[in-house]
Every structure is written in structure tokens, then in C-alpha cells.
Amino acid sequence: MKKLLLIAALGLSVMTAKAVEASFTYDAGFDVVSAYVWRGMYNGGLSFQPNLAVGYETENTSFSAGVWGSVGASDWKFQKGLPETEDGNPNTYFIPELDIILSYSFYGATIGITHYYYCDGGNFFSWESAESIAESGNGSQTEINVGYTLKDLVDVDFFINWNTFIAGNDINENEDGTVKRAYSSYFELGYNHEFPLGFTLGGVVGMSPWKSDYYMNNGFAVVNIGLSLNKEWETDVCTIDLYAQGSINPDGINKENAYIKDAGDFKLYNQKLNGLIGLGIWF
């Protein structure tokens, strides 16, 4: 019994020591980007994207809770009262976005949940059935995220991520006109390499593993091949990050959809060749 008490006391001491070692963390800043490109897909033009996250970290674990947003400038065209055309109203297609993000990391592995809300007046959370979503058009989405990086273990910045929508506007339409939940997923492999003078070159390959109307693939498909180059400057007040990104969706690309000149609903997600330059300031 005394041995058990001693072991329990030692375990509690270790846990207490680890708890003392935990430190508060925060991440606050914003990006200004020439285009809102997400997983290779065009989501809008010139945008302001603030971010705020708080949490804690120990030597091998961390937890964070945060919010991220995107507000457009050149695509901000809420002109009410205009008739909708067959292709949608190009003056109302851009909608501000607010995301809530929770994540927990341990020994290089990360698990989290992200809720995407598009400020279109719909329900903030949507756990409706696929049929109800098809009728209401509610745009909010909820996604689970898991990933792993080698950087903390062997100092090689190779990572792998898996993301799956579990609720909200994510449905596939069947040939008979019925709908079902798609559980659209995005699987990504990536690598970042640091060069002298603070430059980092990164590359990603993103795949949709099964049919998804959201990613517009009928089965397994590579939907994003991207490259990025960024340069950071550390100051006493903040970190400044200047970067450029380019991506191509090789699934079903042709000369008509590689670059779409017209704005509006058709351009969103349909454009296969995208790029941006961005400036980030983080405190």
C-alpha cells in the first residue's frame, strides 16, 4: 500500500511539474492578400484576413482556440435588388467569412475542429439533414482535422493533413436528383525548406479521395498542386511576412477554366489556376 501511495505521489509530482512548465500562448495578426485562395480554390479577390488565437503549450503538447476571418475589398458588391440571372447574381457573390478553430497537438500530431460561417444570414451552426440543406441552402460547415508533422521530432518540415466535413452545406446530388451527405475530404502532403536569408520554399499536393461536389471531382483526384515562397523579418514589435503562392487544380483543367475573366458565382471554385501575393503582420 505504501508503495502504491509513493508511486501515486511521484506521478502527481511529475504531473504538477509538467503543469507548472505550461506557458500561455497567443497569436494575433492579420494578412492582406491579393486573392483569397484556399486549398487551391479561388474564394475571392483582395481580402483582409485577421486572426486571433490563445492557448497554452508544454514541451511536447499545445492547445489553441481561435477565430479567423476574411473580408473582401474588390469583391465587396452587395448591391441589393438586382435580379438574379441564370448563372447567379455577380454583384452579390462575395460573403464575409468567420471561422472558429480548436486544435490540440501532441508529439507532432494534431487533432482539431474548424467551423466555417459565411455571413449570409443563415444559421450559425447547421446540423440539418442533406435534404434540408439542399432546400435551405444554409452555407455554414463544420470540419474535423487531423495531421502530423516531422518538424518537432527530426527537424524536417514534412507534414500530412486530413480534413473531412461532418456537418453543414456539404452534399452530393445523385443522378436521380436525390441528395446525400458527401463527407467531402481533403488529404494533403506538404514540405517546407528553409534557405539562407530567411526564405522558405514550400510545396503541397492536395487530393480529394472520393466523389465531392464541393471539390468538383467524381472520384479520387489530385485537386491542388501548390508552391509558395515567403520571407520573414523579425522586429521588436512584430513579425512581417511577405509571400507569394501559386496553385493549379489538374482535375478537369482546360483552357476555358484555367483562368476565368468574369467575376461572379461561376468564378468561385471553378477557376483552376490561381495565385496570390500577401503581407502578414503578427504580434
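What comes next concerns the included structure. Predicted model only: the values in this text are computed from it and were never measured. (Residues numbered from 1 in each chain as written. Predicted model: local features only at pLDDT ≥ 70, side-chain atom pairs only at ≥ 80, totals over all residues. Heavy atoms only, no water.)

1. Describing the overall build of the protein chain
For step 1, the next point in the chain: In terms of helices and strands, the protein chain carries 3 helices and 16 strands.
For step 2, the next point in the chain: The buried share of the protein chain, reckoned over its 283 residues, is 39%.
For step 3, the next point in the chain: Carbon and sulfur atoms provide 64% of the accessible area of the protein chain, an area that totals close to 16300 Å². (Helix = DSSP H or I, 4+ residues; strand = E, 2+ residues; numbered from the N terminus. Buried < 20%, exposed > 50% of the residue type's maximum accessible area, 1.4 Å probe, protein only. Areas by Shrake-Rupley, 256 points an atom, 1.4 Å probe, with all protein chains shown as cover.)

2. Topic: a negative patch on the surface
For step 1, the next point in the chain: On the surface, a cluster of negative charge is made up of D155, E194, E232 and E234.
For step 2, the next point in the chain: Among the structural elements, D155 can be located in the loop between α3 (151–154) and β9 (158–168). (Patch = residues over 30% accessible without salt bridge, like charges linked within 9 Å, V, L, I, M, F, W, Y side chains within 5 Å. Salt bridge = Lys/Arg side-chain N within 4 Å of Asp/Glu carboxyl O. Lys, Arg positive; Asp, Glu negative; His and termini not counted. Charge placed at Lys NZ, Arg CZ, Asp CG, Glu CD.)

3. Regarding the nonpolar core
For step 1, the next point in the chain: If you look at the biggest cluster of nonpolar residues, it comprises 12 residues: Y36, W38, M41, W68, Y116, Y118, F165, Y186, Y214, Y215, A221 and V223.
For step 2, the next point in the chain: When residues of this core are traced back to their parent elements, those giving at least two are β2 (36–38), β7 (109–118) and β14 (221–234).
For step 3, the next point in the chain: Residue contacts for W38: discarding those within four places in its chain leaves N43, Y116, F165, Y214 and Y215.
For step 4, the next point in the chain: V37, Y42, Y243 and L276 belong to the second largest nonpolar core, which has 7 residues in total. (Core = buried A, V, L, I, M, F, W, Y, C linked by side-chain atoms within 4.5 Å. Contact = heavy atoms within 4.5 Å.)

4. Brief notes about unusual backbone geometry
For step 1, the next point in the chain: Of note in this structure, L197 is not a glycine but carries a positive phi near 70 degrees.
For step 2, the next point in the chain: In this structure, L197 sits in the loop between β12 (185–194) and β13 (199–208).
For step 3, the next point in the chain: The backbone of Y269 shows a phi angle near 70 degrees, a positive value even though the residue is not glycine.
For step 4, the next point in the chain: Position of Y269 among the secondary structure elements: in the loop between β15 (239–248) and β16 (273–282).

5. As for the packing of aromatic side chains
For step 1, the next point in the chain: Counting across every chain of the model gives 15 aromatic pairs.
For step 2, the next point in the chain: Taken together, a centroid distance of 4.8 Å and an interplanar angle of 40 degrees make the contact between Y117 and F124 tilted.
For step 3, the next point in the chain: Between W162 and W210, the ring centres sit 5.9 Å apart and the planes meet at 55 degrees, which makes this aromatic pair tilted. A residue pair is termed long-range when its members are at least 10 positions apart, and W162 in strand β9 and W210 in the loop between β13 and β14 qualify at 48 residues.
For step 4, the next point in the chain: Every member of this aromatic cluster is reached through a ring pair, and the members are W38, Y116, F165, Y186, Y214, Y215 and Y269. (Phe/Tyr/Trp six-rings, centres within 6.5 Å; stacked < 30°, edge-to-face > 60°.)

6. Some details on the pairing of β14
Regular strands place their side chains on alternate faces of the sheet.
For step 1, the next point in the chain: When β13 meets β14, the two strands line up antiparallel, connected through 10 bridges. Each bridged residue has a counterpart across the sheet, and for F199 the counterpart in β14 is K231.
For step 2, the next point in the chain: Relative to β15, β14 runs antiparallel, the two being bridged by 10 bridges. Looking at β15, one finds that I225 is bridged to I248.
For step 3, the next point in the chain: Connecting β14 to the next strand, β15, in antiparallel fashion are 4 residues. (Pairing = 2+ DSSP bridges.)

7. Here we look at the pairing of strand β3 (residues 41–44)
For step 1, the next point in the chain: With 3 bridges connecting them, β2 and β3 associate as antiparallel partners. In the sheet register, Y36 faces β3, and the bridge partner there is G44.
For step 2, the next point in the chain: Remark: 2 residues form the turn of the hairpin made by β2 and β3, two consecutive strands paired antiparallel; R39 in that turn has positive phi of roughly 55 degrees.

8. Let's talk about the sheet that holds β9
For step 1, the next point in the chain: In spatial order, the strands read β1-β4-β5-β6-β7-β8-β9-β12-β13-β14-β15-β16; together these 12 strands close into a barrel with antiparallel pairing. With direction set aside, neighbouring strand axes in the sheet form an average angle of 20 degrees.
For step 2, the next point in the chain: In terms of strand pairing, strand β4 (residues 47–57) meets strand β5 (residues 61–72) through 9 bridges, oriented antiparallel. Counterpart to S47 in the pairing with β5 is G72. (Axes fitted to C-alpha atoms, helices over the stretch in contact; angles between N-to-C directions.)

9. Quick word on the environment of T200
For step 1, the next point in the chain: By secondary structure assignment, the location of T200 is in strand β13.
For step 2, the next point in the chain: In sequence terms T200 and E232 are 32 residues apart; their C-alpha atoms lie 8.7 Å from each other.

10. Structural notes on the pattern of salt bridges
For step 1, the next point in the chain: If you walk through the whole model with that rule in mind, you get 2 salt bridges.
For step 2, the next point in the chain: For R39, the salt bridge is made with E143, and the minimal N-O distance between the two is 2.9 Å. Taken together, the residues R39 in the loop between β2 and β3 and E143 in strand β8 (residues 141–149) connect sequence positions 104 residues apart.
For step 3, the next point in the chain: Its relative accessible area of 14% is what places R39 among the buried residues.
For step 4, the next point in the chain: Accessibility expressed as a relative area gives 0% for E143, which makes it buried.
For step 5, the next point in the chain: A salt bridge links D213 to K211; the shortest N-O distance between them is 3.3 Å.
For step 6, the next point in the chain: Look at D213 and you get partly exposed, because its relative accessible area is 33%.

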